[in-house]
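Given next are the chains, with one letter for each unit.
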Amino acid sequence: MANQQSAIKEKHHLEAKSYYSGFELAHDTYNAITAASDGKIYYVLCSESHAIGGQTYAYDPKTDQTEFLANLTEICGEKYQKTIAQGKSHVRFYEHDGKLYFATHVGYYEMIDGMERLPGKAPDGYGLYPGGHFLSYDLTSGQFEDLAIAPDGEGILTLTIDRERAHLYALTWPLGKFLDYDLSTGELRDLGLTCGRGEAGIVGEDYRVICRSMLVDPRDGSVYLSTAEGDILTYQPGMSGLKKVADVDMRLNYFGKYDPTRPGNMGYNWRKIFWYAPEQVAYGVHGNSGYLFKFDPSAKKVEIVERITSEPSRKSGMFDQFSYGYLGFQPGPDGDTIHYLTGGPIYKNGRRVKGADEIAKGGSKGKENLHLVTYHIPTKNYQDHGPIFYPDGSRPSYVNSITVGDDGSVYTLARFEHEGKEIQDLVKIPGVV
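This one's a predicted model, so the numbers in the text were calculated from it and none came from an experiment.

The rules behind the values
- Residues numbered from 1 in each chain as written.
- Predicted model: local features only at pLDDT ≥ 70, side-chain atom pairs only at ≥ 80, totals over all residues.
- Heavy atoms only, no water.
- Helix = DSSP H or I, 4+ residues; strand = E, 2+ residues; numbered from the N terminus.
- Contact = heavy atoms within 4.5 Å.
- Polar contact = N/O pair within 3.5 Å; in protein donor to acceptor, adjacent residues only side chain to side chain.
- Core = buried A, V, L, I, M, F, W, Y, C linked by side-chain atoms within 4.5 Å.
- Buried < 20%, exposed > 50% of the residue type's maximum accessible area, 1.4 Å probe, protein only.
- 1 Å grid on protein atoms, 1.4 Å probe; cavity = no way out; pocket = protein on both sides within 12 Å on 5 of 7 lines; lining within 4 Å.
- Points joined across faces, edges and corners; volume = space filled by probe spheres on them.
- Nonpolar A, V, L, I, M, F, W, Y, C, P; charged D, E, K, R; others polar.
- Phe/Tyr/Trp six-rings, centres within 6.5 Å; stacked < 30°, edge-to-face > 60°.
- Lys NZ or Arg CZ within 6 Å of the ring centre and 35° of its normal.
- Pairing = 2+ DSSP bridges.
- Salt bridge = Lys/Arg side-chain N within 4 Å of Asp/Glu carboxyl O.

Take the environment of S226 next. Secondary-structure assignment places S226 in strand β18 (residues 222-226). Residues S226 and Y268 lie 42 residues apart in sequence; the distance between their C-alpha atoms is 7.8 Å. Excluding anything up to four places from it in sequence, S226 contacts C211, D231, N269 and W270. One polar contact links S226 to N269, side chain to side chain, over a distance of 2.7 Å.

Note on soluble globular proteins: their nonpolar side chains tend to be buried together. Counting 37 residues, the largest nonpolar core has F178, I232, M250, W270, F293 and F295 as the members making the most contacts within it. Setting aside residues no more than four positions away along its own chain, F295 makes contact with L215, Y224, I232, V248, W270, V281, A282, K301 and V302. Core analysis: the second largest hydrophobic core is formed by 30 residues, A103, F134, L135 and L179 among them.

So, on to the layout of surface pockets. Space inside the largest pocket adds up to approximately 980 Å³. Lining the largest pocket are 38 residues, with Y94, R163, F274, Q330 and P331 positioned closest to its centre. Counting only elements with at least two residues in the lining of the largest pocket, the list comes to β3 (33-35), β7 (94-96), β13 (155-162), β17 (215-217), β21 (270-276), β25 (329-331) and β31 (403-404). Across the lining of the largest pocket, the residue classes tally to 19 nonpolar, 11 polar and eight charged.

Once that is clear, we can look at unusual backbone geometry. The step from W173 to P174 runs through a cis peptide bond, and the omega angle for that step is 15°. Checked against the element boundaries, P174 lands in the loop between β14 (167-173) and β15 (177-182). The backbone phi angle of N31 is positive, close to 75°, even though this residue is not glycine. Inspection of the secondary structure puts N31 in the loop between β2 (17-18) and β3. Of note, the phi angle at E419 is positive, near 50°, even though the residue is not glycine. Here E419 lies in the loop between β32 (410-418) and β33 (421-429).

So, about the packing of aromatic side chains. Overall, the coordinates contain 24 aromatic pairs when judged by the stated rule. The residue whose ring lies beneath R415 is Y398, and the NZ or CZ to ring-centre distance is 3.7 Å.

Glancing now at the pairing of strand β5 (residues 55-60). β5 sits mainly inside the fold: six of its six residues count as buried. Where burial is concerned, the two faces of β5 agree: the one with Q55, Y57 and Y59 and the one with T56, A58 and D60 are both buried. The pairing of β5 with strand β6 (residues 65-71) spans six bridges and is antiparallel. Bridging across to β6, Q55 finds its partner in N71.

Let us now look at the environment of L341. Residue position: L341 is located in strand β26 (residues 337-344). By relative accessible area, which is 0% here, L341 ends up buried. When the C-alpha atoms of L341 and H418 are compared, they prove to be 22 Å apart, with 77 residues separating the residues in sequence. Ignoring anything within four residues of it in the chain, the contact list for L341 reads Y326, G328, L370, H371, L372, I388, V399, S401, I402, V410, T412 and I429.

In the structure shown here, the tally under the stated rule is 17 salt bridges. Across the pair D28 and R415 runs a salt bridge whose closest N-O atoms are separated by 2.7 Å. Pair noted here: D28 is in the loop between β2 and β3 and R415 is in strand β32, with a separation of 387 residues, a long-range link. Relative accessible area serves as the criterion here: at 5%, D28 is assigned to the buried category. One salt bridge in this structure joins R219 and D217, with 2.8 Å as the shortest N-O distance. Judged by relative accessible area, R219 falls into the partly exposed class, the value being 39%. Given a relative accessible area of 2%, D217 falls into the buried group.

Quick look at the structure:
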């Protein structure tokens, strides 16, 4: 098997460079990496510890060095509170008026029936998780600011920004509440539940997986999110709550068939979505099927574009191994080229290596390769740039984040071995586009 992998690696592959930022507890990060206007790459390394929070860093491509910025728990003013730590950020950094806006999430869970649940009982000597925080980082002064805290001890799972109207929108975990934070006034509004009782619900009844990506239409400030049932919900500032968009949904045959009350997949939810101004539509990816689609809010239309999975996955006709699909989906600096870090099957003796049939959370069901796929929207040009390996031939894994630097290099957070221990940290893939 090793010889077969090496042959594939040497024939056609991309090589990734890993960085050790200095956090030995670094665990899987989702979304939390972004290239800022100062040329640096900002990212969060997450922690599963109840006592030690996640860590924020900046990488400078000019010096090829990483820099520690702060501990999430300390930014939130909870260093001496002895509550469950701010272990994660699960969201991208959103730049606006010289600041980066982001949010925190819980990283320490109770595992019940294979599912991650918000702890109802804290470890001895600690209080329960206090709730996720809305935060900002000033790119000039280097100062963090604690803006607001989510209600009812909920973490912040999903975040987006309306830059024109200066609002942050969030979905909480595990209940899936929709929050509206006004950057101008500091007012935080809780608009209530969006999908049953979210990931706190009872499986088979009111359990619903929560949307991981929201969209703002800059023309009128409408926010859009999906649900596991395939509905699309919308909200505008000042509304008393969200409403379902009529005459359009995500329940397409190409996406598959799902029971939204069961864990282990995203259902009909889109996995990631962004606004594409030249066409006045949004482009998104459905996580489990890997189909690229367009959503036109004005025409109330969802249209399949192409299956944007890796070439080996497209040929196999099978879903990839990560149960929720992949969050490493983002346009590059040109605004027109989608960069997508996605899975690719591994073959042994000519047969596809099969993973587990089902797991009860977001995670990998088996081993797979990591591929970089690009899609140029104006020309409809799809390209699989091949599998990605570290110099020693090992594979980056648990990849659910992406950002693209000014030079076209792709950055993500991935697992690798450091001094005999598997951690997750910064990975750079030199520019190929």
